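Descriptive structure summary
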Amino acid sequence: MAGPLTTEAVVLRSMRYGEADRILHVYTPMRGRVGAIAKGVRRSRSRFGGRLEPFFRLRLGLHEGRSDLLTVTSAETVAAYPRLREDGDALDAAARACDAVSRLFESPEPHPEVFNLLCSMLVLLDEDPQGGAAPARRLAFRLKLLLAAGFMPHLSACAQCGEADGLVGFSPAAGGVVCGACEAGSFPLDQEVHTFLAQALGRPLADTPAADERTLRLADRVVLETAAHHAHVRLRAAA
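**A few points about empty space enclosed by the protein**
Counted by the stated rule, this structure contains two cavities of 30 Å³ or more. Roughly 50 Å³ of volume is contained in the largest cavity. Only α1 (88-104) and α3 (134-149) provide two or more residues apiece to the lining of the largest cavity. Partitioned by chemical class, the residues of the lining of the largest cavity number five nonpolar, no polar and three charged. Taken as a whole, the second largest cavity holds about 30 Å³ of empty space. Lining of the second largest cavity is provided by Met121, Leu124, Leu125, Asp128, Ala134, Arg137 and Arg138. Among the secondary structure elements, those contributing two or more residues to the lining of the second largest cavity are α2 (112-127) and α3.

Pasting the structure below:
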């Protein structure tokens, strides 16, 4: 519907356009990912200041016209996450989180749970960017994104035959864990990784259990290959 629109949004990406404008990709609770143009934002006297940068949580005033791009008419900072911006690893994690949201949720369909999940991730990165569970939280975030997108791998039993015991591998084609009789085409996945995946999905993001590097590497492979095979999306590695 054409006309004015006010919404909260997280800036996923910000690109220079022309002499003074910026093109934004933002994620909103009720409109999903949308594109917008902020005119004159790069001029020194712009009323938007520097708040139209990636990872800002904003309350945006937008105007929807005939163009595919909405026009930014106002921007109020809800959360700037300043400490996140002082740590290189946290910045990289935020960029990968926003990239995953952008790739898995390209449409304007509403997914308020994805918006809330992204905001929670940015809060955690801002509060404790180098916390003991930080790498595991980044994996848990991506697993929860797969769940919201409808591509969560099957973990409770063999995705091929339904056997609950003797789960030894993960098959991207089958869409989940597999038993010894169905392991052709899978890669090894032991109980430790399986337990981490289940706990990371079942707990709030802030309560994600820590895991060793090997477990995280295999969990990330689960995410990457599931997204590639079923969502036809190539995600960047978690770290």
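**Some points on the sheet that holds strand β3 (residues 32-38)**
What the five strands build is a closed barrel, ordered β1-β2-β3-β5-β4; its pairing is mixed. Across this sheet, the average inter-strand angle for adjacent strands is 50 degrees, counted without regard to direction. Alignment of strand β1 (residues 3-17) against strand β4 (residues 57-64), held across eight bridges, turns out to be antiparallel. Counted as the bridge partner of Ala9 is Leu58 from β4. The strands touched by α1 within the sheet are β1, β2 (21-28) and β3, with β1 carrying the most contacts at an inclination of about 115 degrees. Contacting β1, β2 and β4, α2 crosses the sheet at an angle of about 50 degrees to β1.

Here is what the cut-offs are and how they apply
- Residues numbered from 1 in each chain as written.
- Predicted model: local features only at pLDDT ≥ 70, side-chain atom pairs only at ≥ 80, totals over all residues.
- Heavy atoms only, no water.
- 1 Å grid on protein atoms, 1.4 Å probe; cavity = no way out; pocket = protein on both sides within 12 Å on 5 of 7 lines; lining within 4 Å.
- Points joined across faces, edges and corners; volume = space filled by probe spheres on them.
- Helix = DSSP H or I, 4+ residues; strand = E, 2+ residues; numbered from the N terminus.
- Nonpolar A, V, L, I, M, F, W, Y, C, P; charged D, E, K, R; others polar.
- Pairing = 2+ DSSP bridges.
- Axes fitted to C-alpha atoms, helices over the stretch in contact; angles between N-to-C directions.
- Contact = heavy atoms within 4.5 Å.

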